[in-house]
Amino acid sequence: MSDKKRQVKRIFDSIAFRYDFLNHFLSFGIDHYWRKKALKLSGINSDSILLDVACGTGDVAIRANKMGATKIYGADFSHNMLKLFNKKSNWIVGRNVQMVAESIPFKDKSVTNITVAFGVRNFYNIQQGFDSFFRVLKKNGKATVIEFRMPENRFFKALYKFYFKKILPKVGGLISGDKEAYTYLPESVEEFDEKVDLVKLLKNSGFINIKKHSMTFGIVQVIIAEK
Ligand SMILES: C[S@@+](CC[C@H](N)C(=O)[O-])C[C@H]1O[C@@H](n2cnc3c(N)ncnc32)[C@H](O)[C@@H]1O
(Lines give C-alpha, C1' and ligand atoms only; values in the text may rest on other atoms or scores of the structure.)
Protein backbone atom coordinates (compact mmCIF):
# COMPACT_ATOMS: atom_id res chain seq x y z
CA MET A 1 0.00 0.00 0.00
CA SER A 2 1.36 3.46 -0.89
CA ASP A 3 2.17 5.88 1.95
CA LYS A 4 -0.61 8.28 0.96
CA LYS A 5 -3.17 5.49 0.67
CA ARG A 6 -2.22 4.17 4.10
CA GLN A 7 -2.24 7.66 5.70
CA VAL A 8 -5.63 8.68 4.25
CA LYS A 9 -7.27 5.37 5.10
CA ARG A 10 -5.98 5.58 8.66
CA ILE A 11 -7.26 9.14 9.03
CA PHE A 12 -10.80 8.37 7.86
CA ASP A 13 -11.04 5.13 9.80
CA SER A 14 -9.96 7.09 12.87
CA ILE A 15 -12.26 10.14 12.57
CA ALA A 16 -15.28 8.31 11.09
CA PHE A 17 -17.41 8.45 14.22
CA ARG A 18 -16.96 12.22 14.60
CA TYR A 19 -16.91 12.96 10.85
CA ASP A 20 -20.53 14.00 10.31
CA PHE A 21 -20.68 16.19 13.38
CA LEU A 22 -17.41 17.93 12.58
CA ASN A 23 -18.29 18.36 8.91
CA HIS A 24 -21.49 20.21 9.67
CA PHE A 25 -20.06 22.08 12.66
CA LEU A 26 -16.85 23.28 11.00
CA SER A 27 -18.60 24.30 7.78
CA PHE A 28 -21.45 26.00 9.68
CA GLY A 29 -23.83 23.58 7.94
CA ILE A 30 -23.11 24.92 4.43
CA ASP A 31 -21.84 21.49 3.33
CA HIS A 32 -25.47 20.34 2.91
CA TYR A 33 -26.05 23.14 0.41
CA TRP A 34 -22.84 22.32 -1.56
CA ARG A 35 -23.88 18.69 -2.10
CA LYS A 36 -27.48 19.60 -2.97
CA LYS A 37 -26.46 22.29 -5.46
CA ALA A 38 -23.89 20.00 -7.12
CA LEU A 39 -26.46 17.22 -7.54
CA LYS A 40 -28.95 19.68 -9.03
CA LEU A 41 -26.32 20.89 -11.50
CA SER A 42 -25.65 17.24 -12.44
CA GLY A 43 -29.35 16.67 -13.18
CA ILE A 44 -29.77 13.72 -10.78
CA ASN A 45 -33.31 12.30 -10.99
CA SER A 46 -35.27 9.08 -10.69
CA ASP A 47 -33.69 7.66 -13.90
CA SER A 48 -30.14 8.09 -12.61
CA ILE A 49 -27.90 5.15 -11.76
CA LEU A 50 -25.47 6.79 -9.39
CA LEU A 51 -22.11 5.64 -8.12
CA ASP A 52 -20.92 7.90 -5.30
CA VAL A 53 -17.17 7.39 -5.03
CA ALA A 54 -15.39 8.22 -1.75
CA CYS A 55 -18.92 8.24 -0.34
CA GLY A 56 -17.79 8.36 3.28
CA THR A 57 -20.81 8.35 5.56
CA GLY A 58 -23.16 8.79 2.59
CA ASP A 59 -24.38 12.38 2.60
CA VAL A 60 -24.25 12.71 -1.20
CA ALA A 61 -26.09 9.43 -1.75
CA ILE A 62 -28.73 10.29 0.83
CA ARG A 63 -29.28 13.70 -0.77
CA ALA A 64 -29.52 12.08 -4.23
CA ASN A 65 -32.15 9.73 -2.86
CA LYS A 66 -34.16 12.70 -1.60
CA MET A 67 -33.99 14.05 -5.15
CA GLY A 68 -35.60 10.91 -6.57
CA ALA A 69 -32.68 8.61 -7.37
CA THR A 70 -33.09 5.05 -6.09
CA LYS A 71 -30.32 3.15 -7.87
CA ILE A 72 -27.40 4.31 -5.80
CA TYR A 73 -24.06 2.68 -5.00
CA GLY A 74 -21.63 4.03 -2.45
CA ALA A 75 -17.93 3.24 -2.69
CA ASP A 76 -15.17 3.99 -0.21
CA PHE A 77 -12.01 2.31 1.06
CA SER A 78 -12.64 3.17 4.72
CA HIS A 79 -14.44 0.39 6.51
CA ASN A 80 -15.54 2.65 9.39
CA MET A 81 -16.98 5.35 7.10
CA LEU A 82 -18.97 2.70 5.19
CA LYS A 83 -20.23 1.21 8.43
CA LEU A 84 -21.81 4.56 9.31
CA PHE A 85 -23.17 4.96 5.79
CA ASN A 86 -24.89 1.58 6.06
CA LYS A 87 -26.43 2.58 9.39
CA LYS A 88 -27.77 5.82 7.91
CA SER A 89 -29.04 4.39 4.62
CA ASN A 90 -30.61 0.96 5.04
CA TRP A 91 -33.32 2.05 2.67
CA ILE A 92 -31.08 2.91 -0.26
CA VAL A 93 -31.44 0.60 -3.25
CA GLY A 94 -28.04 -0.67 -4.26
CA ARG A 95 -25.01 -1.53 -2.22
CA ASN A 96 -22.18 0.14 -0.45
CA VAL A 97 -18.90 -1.35 -1.49
CA GLN A 98 -15.45 -1.20 0.09
CA MET A 99 -13.09 -0.42 -2.79
CA VAL A 100 -10.48 2.01 -4.05
CA ALA A 101 -11.51 4.75 -6.46
CA GLU A 102 -8.55 4.01 -8.70
CA SER A 103 -9.84 0.55 -9.58
CA ILE A 104 -13.64 0.38 -9.51
CA PRO A 105 -14.92 -3.20 -9.67
CA PHE A 106 -17.95 -2.31 -11.82
CA LYS A 107 -18.71 -3.35 -15.37
CA ASP A 108 -17.91 -0.93 -18.24
CA LYS A 109 -20.74 1.53 -19.02
CA SER A 110 -22.86 0.54 -16.04
CA VAL A 111 -23.83 3.88 -14.42
CA THR A 112 -25.22 7.23 -15.63
CA ASN A 113 -23.60 9.40 -12.94
CA ILE A 114 -20.54 9.36 -10.76
CA THR A 115 -20.09 11.82 -7.92
CA VAL A 116 -17.10 12.39 -5.73
CA ALA A 117 -17.42 14.96 -2.95
CA PHE A 118 -14.30 16.10 -1.10
CA GLY A 119 -12.61 12.88 -2.14
CA VAL A 120 -10.34 13.38 -5.18
CA ARG A 121 -7.91 15.44 -3.12
CA ASN A 122 -7.25 12.28 -1.17
CA PHE A 123 -6.89 9.87 -4.09
CA TYR A 124 -3.40 8.39 -4.36
CA ASN A 125 -3.69 8.54 -8.17
CA ILE A 126 -6.29 10.99 -9.49
CA GLN A 127 -5.67 10.24 -13.16
CA GLN A 128 -6.21 6.54 -12.58
CA GLY A 129 -9.38 7.43 -10.64
CA PHE A 130 -10.76 9.52 -13.52
CA ASP A 131 -9.84 6.77 -16.02
CA SER A 132 -11.91 4.31 -14.02
CA PHE A 133 -14.82 6.82 -13.80
CA PHE A 134 -14.74 7.10 -17.60
CA ARG A 135 -14.79 3.35 -18.11
CA VAL A 136 -17.71 2.74 -15.72
CA LEU A 137 -19.90 5.59 -17.07
CA LYS A 138 -22.38 5.03 -19.88
CA LYS A 139 -22.22 7.25 -23.00
CA ASN A 140 -23.34 10.82 -22.10
CA GLY A 141 -22.92 9.92 -18.43
CA LYS A 142 -21.63 12.61 -16.07
CA ALA A 143 -18.85 12.77 -13.53
CA THR A 144 -19.33 15.41 -10.84
CA VAL A 145 -16.40 16.46 -8.70
CA ILE A 146 -16.95 18.63 -5.61
CA GLU A 147 -13.78 19.86 -4.01
CA PHE A 148 -12.39 22.62 -1.79
CA ARG A 149 -10.15 25.27 -3.28
CA MET A 150 -8.37 28.37 -2.06
CA PRO A 151 -10.39 31.57 -2.57
CA GLU A 152 -8.90 34.13 -4.97
CA ASN A 153 -9.84 37.35 -3.14
CA ARG A 154 -6.82 38.38 -1.02
CA PHE A 155 -8.76 39.46 2.04
CA PHE A 156 -10.98 36.40 2.02
CA LYS A 157 -7.99 34.15 1.37
CA ALA A 158 -6.23 35.52 4.48
CA LEU A 159 -9.36 35.02 6.59
CA TYR A 160 -9.87 31.54 5.22
CA LYS A 161 -6.23 30.58 5.83
CA PHE A 162 -6.53 31.78 9.43
CA TYR A 163 -9.65 29.68 9.97
CA PHE A 164 -8.29 26.65 8.12
CA LYS A 165 -4.83 26.71 9.72
CA LYS A 166 -5.43 28.05 13.23
CA ILE A 167 -9.02 27.25 14.24
CA LEU A 168 -10.01 24.15 12.30
CA PRO A 169 -7.01 21.95 13.32
CA LYS A 170 -7.51 22.85 17.00
CA VAL A 171 -11.28 22.28 17.11
CA GLY A 172 -11.17 19.26 14.78
CA GLY A 173 -8.24 17.70 16.64
CA LEU A 174 -9.87 18.23 20.01
CA ILE A 175 -13.26 16.77 19.07
CA SER A 176 -12.03 13.91 16.87
CA GLY A 177 -9.04 13.08 19.07
CA ASP A 178 -6.92 12.95 15.90
CA LYS A 179 -4.81 16.07 15.48
CA GLU A 180 -3.04 14.81 12.35
CA ALA A 181 -6.35 14.45 10.51
CA TYR A 182 -7.30 18.09 10.89
CA THR A 183 -3.81 19.35 10.13
CA TYR A 184 -3.77 17.23 6.99
CA LEU A 185 -7.03 18.79 5.73
CA PRO A 186 -5.85 22.42 5.31
CA GLU A 187 -2.40 21.37 4.14
CA SER A 188 -3.86 19.10 1.48
CA VAL A 189 -6.24 21.83 0.19
CA GLU A 190 -3.47 24.39 -0.34
CA GLU A 191 -1.08 21.94 -1.97
CA PHE A 192 -3.82 20.46 -4.12
CA ASP A 193 -4.97 23.88 -5.35
CA GLU A 194 -1.45 24.86 -6.38
CA LYS A 195 -0.48 21.64 -8.09
CA VAL A 196 -3.51 19.86 -9.49
CA ASP A 197 -5.44 20.82 -12.62
CA LEU A 198 -8.64 18.76 -12.38
CA VAL A 199 -10.00 19.91 -15.75
CA LYS A 200 -6.82 18.78 -17.50
CA LEU A 201 -6.89 15.39 -15.77
CA LEU A 202 -10.56 14.90 -16.74
CA LYS A 203 -9.72 15.77 -20.35
CA ASN A 204 -6.83 13.29 -20.31
CA SER A 205 -9.29 10.57 -19.33
CA GLY A 206 -11.49 11.42 -22.32
CA PHE A 207 -14.17 13.63 -20.74
CA ILE A 208 -15.77 16.45 -22.75
CA ASN A 209 -18.08 19.45 -22.10
CA ILE A 210 -16.33 20.13 -18.82
CA LYS A 211 -18.01 22.90 -16.80
CA LYS A 212 -16.66 24.49 -13.65
CA HIS A 213 -18.84 26.19 -11.01
CA SER A 214 -17.73 28.13 -7.99
CA MET A 215 -19.56 28.32 -4.64
CA THR A 216 -19.34 30.28 -1.37
CA PHE A 217 -16.73 32.94 -2.28
CA GLY A 218 -14.76 30.39 -4.30
CA ILE A 219 -13.92 28.01 -1.45
CA VAL A 220 -15.73 25.12 -3.16
CA GLN A 221 -15.70 24.14 -6.82
CA VAL A 222 -18.02 21.80 -8.68
CA ILE A 223 -16.77 20.36 -11.95
CA ILE A 224 -19.13 18.46 -14.20
CA ALA A 225 -17.69 16.43 -17.07
CA GLU A 226 -19.44 14.35 -19.71
CA LYS A 227 -18.50 11.10 -21.37
C1 LIG B 1 -13.63 14.00 3.15
S2 LIG B 1 -14.39 12.43 3.01
C3 LIG B 1 -15.78 12.78 2.00
C4 LIG B 1 -16.94 11.88 2.26
C5 LIG B 1 -18.25 12.23 1.53
N6 LIG B 1 -18.09 12.18 0.10
C7 LIG B 1 -18.82 13.57 1.95
O8 LIG B 1 -19.21 14.35 1.10
O9 LIG B 1 -18.88 13.80 3.16
C10 LIG B 1 -13.31 11.60 1.89
C11 LIG B 1 -13.59 10.11 1.74
O12 LIG B 1 -12.79 9.60 0.67
C13 LIG B 1 -12.38 8.29 0.98
N14 LIG B 1 -11.22 8.00 0.11
C15 LIG B 1 -10.08 8.71 0.03
N16 LIG B 1 -9.26 8.19 -0.91
C17 LIG B 1 -9.91 7.12 -1.44
C18 LIG B 1 -9.59 6.18 -2.46
N19 LIG B 1 -8.42 6.24 -3.10
N20 LIG B 1 -10.49 5.21 -2.73
C21 LIG B 1 -11.67 5.14 -2.05
N22 LIG B 1 -12.04 6.00 -1.09
C23 LIG B 1 -11.17 6.99 -0.78
C24 LIG B 1 -12.10 8.36 2.48
O25 LIG B 1 -12.12 7.09 3.08
C26 LIG B 1 -13.24 9.26 2.96
O27 LIG B 1 -14.36 8.53 3.36
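Computed from a predicted model, the values in this text were never measured in an experiment. (Residues numbered from 1 in each chain as written. Predicted model: local features only at pLDDT ≥ 70, side-chain atom pairs only at ≥ 80, totals over all residues. Heavy atoms only, no water.)

**Some thoughts on the site of the ligand**
Around the ligand lies a shell of 21 residues, among which Tyr 19, Ala 54, Asp 76, Ala 101 and Ala 117 are the nearest. A distance of 3.0 Å is found between an oxygen atom of the ligand and a side-chain nitrogen or oxygen belonging to Arg 35. Between a nitrogen atom of the ligand and a main-chain N or O atom of Ala 101, the distance comes to 2.9 Å. Against a free-state accessible area of 590 Å², the protein chains account for coverage of 98% of the ligand. Residue composition of the shell around the ligand, grouped by class: 14 nonpolar, four polar and three charged. (Near = heavy atom within 4 Å. Polar contact = N/O pair within 3.5 Å; in protein donor to acceptor, adjacent residues only side chain to side chain. Areas by Shrake-Rupley, 256 points an atom, 1.4 Å probe, with all protein chains shown as cover. Nonpolar A, V, L, I, M, F, W, Y, C, P; charged D, E, K, R; others polar.)

**Some points on the packing of helix H1 (residues 3-26) against helix H6 (residues 154-176)**
A pair of packed helices is captured by two measures, namely the crossing angle of their axes and the spacing between those axes. Packing of H1 against H6 brings their axes to within 10 Å, and their N-to-C directions diverge by 140 degrees. Here H1 lies oblique to H6, going by the angle between them. In this structure, the crossing between H1 and H6 has a hand that is right-handed. Where H1 abuts H6, its residues Ile 15, Arg 18, Phe 21, Leu 22, Phe 25 and Leu 26 lie against Tyr 163, Leu 168, Val 171, Gly 172, Ile 175 and Ser 176. Looking at the contact of H1 with H6 residue by residue, the classes come out as nine nonpolar, two polar and one charged. (Axes fitted to C-alpha atoms, helices over the stretch in contact; angles between N-to-C directions. Helix = DSSP H or I, 4+ residues; strand = E, 2+ residues; numbered from the N terminus. Parallel < 35°, antiparallel > 145°, perpendicular 65-115°, else oblique. Left-handed = near helix turned anticlockwise from the far one by under 90°. Contact = heavy atoms within 4.5 Å.)

**Here we look at a positive patch on the surface**
A cluster of basic residues, Lys 36, Lys 37, Lys 40 and Lys 66, forms a positive patch on the protein surface. Here the positive patch gets three residues from one element, more than from any other, and that element is helix H2 (residues 30-42). Here Lys 36 lies in helix H2. For Lys 36, a relative accessible area of 35% gives the class partly exposed. (Patch = residues over 30% accessible without salt bridge, like charges linked within 9 Å, V, L, I, M, F, W, Y side chains within 5 Å. Salt bridge = Lys/Arg side-chain N within 4 Å of Asp/Glu carboxyl O. Lys, Arg positive; Asp, Glu negative; His and termini not counted. Charge placed at Lys NZ, Arg CZ, Asp CG, Glu CD. Buried < 20%, exposed > 50% of the residue type's maximum accessible area, 1.4 Å probe, protein only.)

Keep in mind these values describe shape, not function.
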